[in-house]
Amino acid sequence: MPISFDIEVPRQGDWFKELQLTDIAGVPVDLTGHSLEWHARAIAGSGEVLGSATMAILEAGEGRIRARWHGPDFDGHGLPTEPVRIAHDLKDTYPDGTVDVPLRGQLIIYPEVSA
């Protein structure tokens, strides 16, 4: 069962975090040989990809990753003065082809005020 994880991204900025993927017991997931993709779509799980996080596996054996969502990637979606909600899901493909979705939720793209 994926964890629901909402992410707030400024429209003209970035959300940048280091995360650790663990199993239900809190043991790090060994990401050796895994392929990770983190996409945003208008409709959860299907449809056109509107944007993707830039990702890197930092320590495969410890399940540590770094991810960045770039707000300007979503400039064409919604009005620039209003928040926009877009579904996201992190897809983890294991070396044997098994696919897991450990994280999903909403990207909330917030407008920024300029003086």
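Just above sits the structure.
Along each chain, numbering runs from 1 in the same order as the chain's sequence is written. Local features are withheld for residues below a pLDDT of 70 in this predicted model, meaning they are given only at 70 or higher, and side-chain atom pairs are given and counted only at 80 or more; totals for whole chains, interfaces and linings count all residues. Excluding hydrogens and water, the side-chain figures rest on all heavy atoms present in the structure.

## Things to note about the overall build of the protein chain
Put simply, DSSP H or I for four residues or longer makes a helix, DSSP E for two residues or longer makes a strand, and each gets a number counted from the N terminus. Summing up its helical and strand segments, the protein chain has zero helices and nine strands in all. Along the protein chain, helices and strands appear, N-terminal first, in the series β-β-β-β-β-β-β-β-β. Here the protein chain has a C-alpha radius of gyration of 15 Å; the compact-globule value for 115 residues is 13 Å, and the two agree. For the protein chain, the spread of C-alpha atoms along the three principal axes comes to 45 × 30 × 20 Å. Only protein chains enter the accessibility calculation, which uses a 1.4 Å probe; a residue whose area is less than 20% of its type maximum is buried, one above 50% is exposed, and one in between is partly exposed. Here the protein chain holds 115 residues, and the buried ones make up 33% of them. Our radius of gyration looks at C-alpha atoms and nothing else; its globule reference is 2.2 Å times the residue count to the power 0.38.

## Examining the pattern of salt bridges
Only one rule defines a salt bridge in this text: a Lys or Arg side-chain nitrogen within 4 Å of an Asp or Glu carboxyl oxygen. This model, assessed by the stated rule, comprises five salt bridges. The partner of Arg 64 in a salt bridge is Glu 18, with the nearest N and O atoms 2.7 Å apart. Separated by 46 residues along the polypeptide, Arg 64 in strand S7 (residues 64-70) and Glu 18 in strand S3 (residues 14-20) bring together distant segments of the chain. Taking the relative accessible area as the measure of exposure, Glu 18 reaches 46% and is therefore partly exposed.

## Comments concerning the sheet that holds S7
Strand pairing is defined by DSSP finding a minimum of two bridges between the two strands. Spatial ordering of the open sheet is given by S3-S7-S6, a layout of three strands whose pairing is antiparallel. Among the strands making up the open sheet, the edge pair consists of S3 and strand S6 (54-59). If you compare each strand with its neighbour and ignore which way they point, the axes differ by 15° on average. Axes here refer to lines fitted to C-alpha atoms; in helices the fit is confined to the stretch in contact. Angles between the N-to-C directions go from 0 to 180 degrees.

## Topic: the nonpolar core
Trp 15, Trp 38, Trp 69, Phe 74, Ile 86 and Leu 107 are the most contacted members of the largest nonpolar core, which totals 22 residues. Those elements that place two or more of their residues in this core are strand S2 (7-10), S3, strand S4 (35-43), S7, strand S8 (84-93) and strand S9 (99-110). It only takes one pair of heavy atoms within 4.5 Å for two residues to be counted as in contact. Not counting chain neighbours up to four residues away, the residues in contact with Ile 86 comprise Ala 40, Arg 41, Ala 42, Leu 50, Phe 74, Gly 105, Gln 106, Leu 107 and Ile 109. Grouping buried Ala, Val, Leu, Ile, Met, Phe, Trp, Tyr and Cys residues that are joined through side-chain atoms within 4.5 Å yields what is termed a nonpolar core.

## Describing the pairing of S8
Counting buried residues in S8 gives eight out of ten residues, a clear majority hidden from the surface. Where S4 lies against S8, seven bridges are found, and the strand directions are antiparallel. Residue pairing across strands places His 39 opposite Asp 89, the latter belonging to S8. If you look at the hairpin formed by S8 and S9, you'll find five residues sitting between the two strands, and Gly 97 has a positive phi there, around 95°.

## Quick look at the packing of aromatic side chains
Think of it this way: a Phe, Tyr or Trp ring, Trp meaning its six-membered ring, pairs with another when their centres are within 6.5 Å, and the plane angle makes it stacked under 30 degrees, edge-to-face over 60, tilted otherwise. Tallied over the entire structure, the rule returns four aromatic pairs. Where Trp 69 meets Phe 74, the ring centres are 6.2 Å apart and the plane angle is 40°; that geometry is what we call tilted.

## Describing the pairing of S4
Pairing of S4 with strand S5 (residues 46-52) involves four bridges; the strand directions are antiparallel. Of the residues in S5, the one forming a bridge with Ile 43 is Ser 46. Connecting S4 to the antiparallel partner S5 that follows it, the hairpin turn spans two residues, and Gly 45 within it adopts a positive phi of roughly 80°.

## As for the environment of His 77
On the secondary structure map, His 77 appears in the loop between S7 and S8. Not counting chain neighbours up to four residues away, the residues in contact with His 77 comprise Arg 11, Leu 50 and Val 84.

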